[in-house]
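Chain residues, written in single-letter form:
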Amino acid sequence: MSVPRPAAVVVLAAGEGTRMKSQTPKVLHEVCGRALVDHMLAAARRLEPERLIVVIGHDRERVGAHLASSSPDARAIVQREQRGTGHAVRTVLEEVGTITGTVLVTYGDVPLLRTETLAQLLEQHAADGNAVTVLTAVVPDPTGYGRIVRDAAGAVLEIVEEKDASPQQRAITEMNSGIYAFDGLLLADAVKRVSSDNAQGEEYLTDVLSILREEGHRVGAHVASDHVEVEGVNDRVQLAFVRKVLNRRLLEAHMRAGVTIVDPDSTWIDVGVEISPDVVIHPGTQLHGQTRIETGAEVGPASTLTGTTVGEGALVRNAVCDGAVIGPEVSVGPYAYLRPGTVLGRAAKVGTFVETKNTTVGERSKVPHLTYAGDATIGQDVNIGASTVFVNYDGVNKHPTTVRDGAFVGCDTMLVAPVTVGDGAYTAAGSVIIDDVPPGAIGVARAKQRNIEQWVLRRRAGTKSAKAAQKAIEQENGS
């Protein structure tokens, strides 16, 4: 990106977020598969800053651990007392020292802010030679925001908080986002002189603008093209709003890249999802984590995929898939549950009311309906009959079952692991298989049927069944 490379991006993420009413720190709440703070870091990272710094405070152990895992390139600095935005920036500079170059200051709760908007802020900051450039937005309702007061030439005079604004100033619709590009040397000097002499007893970063302007330095502003980008998240209502906006962005990007999304209003996609052209996503579908869907596949309706790969030309309907690998031309569902470790080979089928876990199904093999397959290896060209159960758990340990190529497992078979059904072997319907079945053999493990004549007439006398039986017997006897 041909923009001035910032010397540092400082992300303020120390606040408690009390309005979220949550035990989870505000910046760790997820939107479209990524924590709020990670959205901001992703946007900042694409600017290629020399330093990426996050100020943490509330629940710093938890937030710090998350950052160490998700963003090891970011340095976390602790603001032990949350005494305002100015104090947060001063804490950074006291720890890392004066930063020469442009310092971009932003927040960990603005997940809709685009890299492009930050780049435009930096470009204008450099082009105008400003000491500080504030990112602003024109909003339909500026209530609650600080207003940008400009002179007749359009230069920024001051930022006036609503409680201090005159009626004329309150009518201004350009608001302060709280996101700034600073000259690092001037920031280091001015932030030391920010006063906490206010009702909240806090040091505000907005005061740095006044200090720099009073000393004759140039203060500018860049207006964001879309005010929604600077929307912060302070409660669950705003969390839902930004999720909807971000989801729509993701959907539109996929559609413009050649993906058919039949009903965007009922489709949800995480930021890590990859979809190839000519995929069809049907209504009611959710795609989470690092899910990938290849060309020609169809997913949905009413399917939820998490960390799942779907191969070319596969069809997944009314299914829940978690950590599964679905090969090309595979058919899944309706009403299937693929759990982690499921791998389906080319042209395999997993049908209605089938659950799989840690199971490989070979090419062209079928598990059509009413089956549980756990810790199983199923070869190629196998047919698993309805109501088959791979009995893998003995109450303490899991055990494997192998069904080799070309085998045919009859309906209502219990395969009690560990057990192997050999190549081309059969099991008879209703069998409980506890020993290996050799190749080409048929395993039969069921009791011989015994019919007890007129049991219903004796033991269920007077019932509908008894009456029906009596009528049939009389008809057979010709009476």
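Keep in mind that what you see is a predicted model, and the values were worked out from it rather than measured.

Caption draft 1: Representation of the packing of helix H1 (residues 36–45) against helix H2 (residues 60–70) within the structure. At their nearest, the axes of H1 and H2 sit 11 Å apart, and the two run at 40° to each other. The angle between H1 and H2 places the two elements in the oblique class. Like other packed secondary-structure pairs, H1 and H2 cross with a definite hand, here right-handed. Contact residues: Val 37, Asp 38 and Leu 41 in H1; His 66, Leu 67 and Ser 70 in H2. Each residue belonging to the contact of H1 with H2 can be placed in one class, and the counts come to three nonpolar, two polar and one charged.

Caption draft 2: Seen up close, the sheet that holds strand E26 (residues 343–344). In space, the nine strands of this open sheet follow the order E14-E17-E20-E23-E26-E28-E30-E33-E36, with parallel pairing throughout. The strands lining the two open edges of the sheet, one partner per strand, are strand E14 (274–275) and strand E36 (419–421). Inspection of the sheet shows strand E33 (residues 401–403) paired to E36 by three bridges, in the parallel sense. If you follow Val 403 over to E36, its bridge partner there is Val 421.

Caption draft 3: Up close: unusual backbone geometry. Note the cis peptide between Gly 300 and Pro 301, where omega equals 5°. Relative to the elements of secondary structure, Pro 301 occurs in the loop between strand E18 (298–299) and strand E19 (304–306). Here the bond from Gly 333 into Pro 334 is cis, since omega is 5°, no more than 30 degrees from zero. If you trace the backbone, Pro 334 turns up in the loop between strand E24 (331–332) and strand E25 (336–338). A positive phi is found at Cys 32, a non-glycine position, where the angle reads about 55°. Checked against the element boundaries, Cys 32 lands in the loop between strand E2 (30–31) and strand E3 (34–35). If you check the backbone angles, Leu 370 has positive phi at about 55° while not being a glycine. Within the secondary structure, Leu 370 sits in strand E29 (residues 366–374).

Caption draft 4: Representation of the environment of Thr 85. Structurally, the position occupied by Thr 85 is in helix H3 (residues 85–96). When its relative accessible area of 22% is taken as the criterion, Thr 85 is described as partly exposed. The spatial distance from the C-alpha of Thr 85 to the C-alpha of Glu 476 is 94 Å, given a sequence separation of 391 residues. Residues contacting Thr 85, with those up to four places away along its chain left out, are Leu 12, Tyr 107, Glu 203, Tyr 204 and Leu 205.

Caption draft 5: Representation of the pairing of strand E4 (residues 52–56) within the structure. Counting buried positions over the five residues of E4 gives five, a clear majority of the element. Neither face of E4 is left uncovered, since the one carrying Leu 52, Val 54 and Ile 56 and the one carrying Ile 53 and Val 55 both have all their residues buried. Taken together, the five bridges between strand E1 (residues 8–13) and E4 define a ladder with parallel strand orientation. Bridging across to E4, Val 10 finds its partner in Ile 53. Sheet topology places E4 next to strand E5 (residues 75–78); four bridges connect them, and they run parallel. Each bridged residue has a counterpart across the sheet, and for Val 54 the counterpart in E5 is Ala 76. The β-α-β motif built from E4, the intervening H2 and the parallel element E5 has right-handed crossover chirality.

Caption draft 6: Fine view of the pattern of salt bridges. Scanning the model with the defined rule gives 20 salt bridges in all. Across the pair Arg 90 and Glu 203 runs a salt bridge whose closest N-O atoms are separated by 2.8 Å. One end of the pair, Arg 90, is in helix H3; the other, Glu 203, is in the loop between helix H6 (184–190) and helix H7 (206–214), and 113 residues separate them in sequence. Accessibility assignment for this pair places Arg 90 and Glu 203 in one class, buried. Here Arg 339 makes a salt bridge to Glu 355, at a shortest N to O gap of 2.8 Å. Taken together, the residues span a long stretch of sequence, with Arg 339 in the loop between E25 and E26 and Glu 355 in strand E27 (residues 349–357) at a distance of 16 residues.

Caption draft 7: How the structure looks around the side chain of Asp 270. Tracing the chain through its elements places Asp 270 in the loop between strand E13 (268–269) and E14. Among buried charged residues, Asp 270 stands out as having no salt bridge; its nearest opposite-charge side chain is Arg 243, 7.5 Å away.

Caption draft 8: View of the nonpolar core. Val 37, Val 54, Phe 182, Leu 187 and Val 208 are the most contacted members of the largest nonpolar core, which totals 71 residues. Per-element accounting of this core gives the leading share, six residues, to E1. Each residue touching Leu 187, except ones within four places of it in the same chain, is listed here: Val 89, Leu 93, Val 103, Phe 182, Leu 205 and Val 208.

What counts as what
- Residues numbered from 1 in each chain as written.
- Predicted model: local features only at pLDDT ≥ 70, side-chain atom pairs only at ≥ 80, totals over all residues.
- Heavy atoms only, no water.
- Axes fitted to C-alpha atoms, helices over the stretch in contact; angles between N-to-C directions.
- Helix = DSSP H or I, 4+ residues; strand = E, 2+ residues; numbered from the N terminus.
- Parallel < 35°, antiparallel > 145°, perpendicular 65-115°, else oblique.
- Left-handed = near helix turned anticlockwise from the far one by under 90°.
- Contact = heavy atoms within 4.5 Å.
- Nonpolar A, V, L, I, M, F, W, Y, C, P; charged D, E, K, R; others polar.
- Pairing = 2+ DSSP bridges.
- Buried < 20%, exposed > 50% of the residue type's maximum accessible area, 1.4 Å probe, protein only.
- Right-handed = clockwise from strand over helix to strand, strands pointing away.
- Salt bridge = Lys/Arg side-chain N within 4 Å of Asp/Glu carboxyl O.
- Lys, Arg positive; Asp, Glu negative; His and termini not counted.
- Core = buried A, V, L, I, M, F, W, Y, C linked by side-chain atoms within 4.5 Å.

Spatial relationships are all this shows, so hold off on functional conclusions.
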